[in-house]
Amino acid sequence: MKKITLILMAMSLSALVSAQTIFDKGVSGISVFVGSQESYWEDGFYGGLQYTYKGAFDLYGFYGSYKYNKSHLEDIGMTLSTSPKEGAFVLGAEYWVLRTDPGTDRGVNVGIWGEYESESYTDSEYGYDGSLFEDVSGSAYGVGIDFSVDFAIKKGWRLQPYTWIGNVWAAEKYKENGTDYTDNVSGTSAGLGVVLQKMLNNGSSVWLSTEWDMDDLDMANDTAFEMTLGYNFGFGKK
């Protein structure tokens, strides 16, 4: 029964997104963002906050609410009465070891990140291969690196293509015919994206990002597409 529980676990790891360099070097501030995610297995929405210290260290958190595609789960042999739902809470931190200087037409950014995710499930009972299962909760943590390139495309506008990759360790708690089990998995998670940013006064800005990401965890894998809109409240250089 490992295959099915890992599919439900792996889908949630698409939320393990890393923060990007949305504040200039030397600028502190708070970013508010909301977004949506679409994948073969589940769709949903998320929102959160990020605090950046001098454009070099980020702390962020967000919550996502997702609904699984019932017909796609049934295609792999699961029997469900309704679509399972998932809530995911993520906390993360990132240190930028290399940052582009403000005012530069182009530059390179490199960061190191770590994240923790906690998941809960509702309506997650399903039948498979003659047994009754229920996904209860899950957790995951990951570490990795970011790489991005900054371009000034016109006055006040910036474009930032980026990529990230990391390793993920995850655990899924579930019941099989009333007995508790835990599956532990690990693997690679990675993404490609681009941020379009309109710079405002005092380090503030508004931005829109799109991202494609994937995870490959033992016997389960998935890809997802995310779109995020955010506003940065810059405090200026400190």
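Going along each chain's sequence as written, the residues are numbered from 1 onward. It should be noted that, the model being predicted, local features are given only for residues of pLDDT at least 70 and side-chain atom pairs only at 80 or more, the latter also being counted only at that level, while totals for whole chains, interfaces and linings use all residues. By convention in this description, side-chain values take in all heavy atoms of the structure and omit both hydrogens and water.

**Thoughts on the confidence of the model for the protein chain**
Interpretation of the predicted coordinates at a detailed level should be avoided for regions scoring low in pLDDT.
(1) Moving on: Taken as a whole, the protein chain shows an average pLDDT of 84; of its residues, 87% reach a score of 70 or greater.
(2) Moving on: Each residue gets a pLDDT score, which is the predictor's confidence in that residue and runs from 0 to 100. Residues count as neighbours in contact if any of their non-hydrogen atoms are within 4.5 Å of one another. Across residues 9–19, where pLDDT falls below 50, the model places 64 contacts with residues more than four positions away in sequence or in other chains.

**What to know about unusual backbone geometry**
(1) Moving on: Its identity as a non-glycine residue notwithstanding, Asp129 has a phi of 55°, on the positive side.
(2) Moving on: Elements are defined by DSSP. Helices are runs of H or I of four residues or more, strands are runs of E of two residues or more, and each kind is numbered from the N terminus. Here Asp129 lies in the loop between strand 6 (125–128) and strand 7 (131–154).
(3) Moving on: At Asn177, a residue that is not glycine, the phi angle is positive and equals roughly 50°.
(4) Moving on: Summarising the element assignment, Asn177 is placed in the loop between strand 8 (157–176) and strand 9 (179–199).

**Quick word on the side chain of Asn232**
(1) Moving on: Summarising the element assignment, Asn232 is placed in strand 11 (residues 220–237).
(2) Moving on: What Asn232 contacts, discounting residues up to four positions off in sequence, is Ile22, Phe23, Ile30, Ser31, Gln197, Ser204, Ser205 and Trp207.

**Details of the environment of Gly178**
(1) Moving on: Topologically, Gly178 is positioned in the loop between strand 8 and strand 9.
(2) Moving on: For Gly178, a relative accessible area of 61% puts it in the exposed group.
(3) Moving on: Sequence-wise, Gly178 and Phe133 are 45 residues apart; in three dimensions their C-alpha atoms are separated by 7.9 Å. For each residue, the accessible area found with a 1.4 Å probe, counting protein chains only, is set against the maximum for its type, and the residue is called buried under 20%, exposed over 50%, and partly exposed in between.

**With respect to the nonpolar core**
(1) Moving on: Take the buried Ala, Val, Leu, Ile, Met, Phe, Trp, Tyr and Cys residues and link them wherever side-chain atoms come within 4.5 Å; each set so joined is a nonpolar core. Ranked by internal contacts, the top residues of the largest apolar core, which has 15 residues, are Phe62 and Trp207.
(2) Moving on: Contributions of two or more residues to this core are made by strand 1 (27–39), strand 3 (57–68), strand 4 (85–98) and strand 8.
(3) Moving on: Contacts of Trp207, omitting those with residues within four sequence positions, involve Ile22, Ser31, Phe33, Val195, Leu196, Gln197, Thr228, Leu229, Gly230, Tyr231 and Asn232.
(4) Moving on: One finds Tyr68, Leu80, Tyr121 and Tyr174 within the second-largest nonpolar core, a separate group that totals 9 residues.

**Points about the environment of Ser65**
(1) Moving on: Following the sequence through the fold, Ser65 ends up in strand 3.
(2) Moving on: For the pair Ser65 and Glu86, spaced 21 residues apart in sequence, the C-alpha to C-alpha distance is 5.9 Å.
(3) Moving on: Apart from residues no more than four positions distant in its own chain, Ser65 is found in contact with Asp43, Gly44, Phe45 and Glu86.

**Some thoughts on the side chain of Ser148**
(1) Moving on: Counting through the fold element by element, Ser148 comes out in strand 7.
(2) Moving on: Side-chain atoms alone can form a polar contact between residues adjacent in sequence; in general such a contact is a pair of N or O atoms within 3.5 Å, and within protein one must be able to donate a hydrogen while the other accepts it. At 2.8 Å, the side chain of Ser148 forms a polar contact with the side chain of Gln160.

**Section: the packing of aromatic side chains**
(1) Moving on: Planes of paired rings set the category: under 30 degrees apart is stacked, over 60 is edge-to-face and the rest tilted, where pairs are Phe, Tyr or Trp rings (Trp by its six-membered ring) whose centres lie within 6.5 Å. Counted under the stated rule, the structure contains 9 aromatic pairs.
(2) Moving on: Ring geometry for Phe133 versus Tyr174: centroids 6.4 Å apart, planes at 40°, classification tilted. With Phe133 in strand 7 and Tyr174 in strand 8, the pair connects residues that are 41 residues apart, well separated along the chain. Assigned by exposure class, Phe133 and Tyr174 land together as buried.
(3) Moving on: Their ring planes at 20° and their centres at 5.7 Å tell us that Tyr174 and Tyr181 sit as a pair that is stacked.
(4) Moving on: Tyr181 sits in the partly exposed class, given a relative accessible area of 37%.
(5) Moving on: An aromatic cluster is built from Tyr126, Phe133, Tyr174 and Tyr181, whose rings are joined through pairwise contacts.

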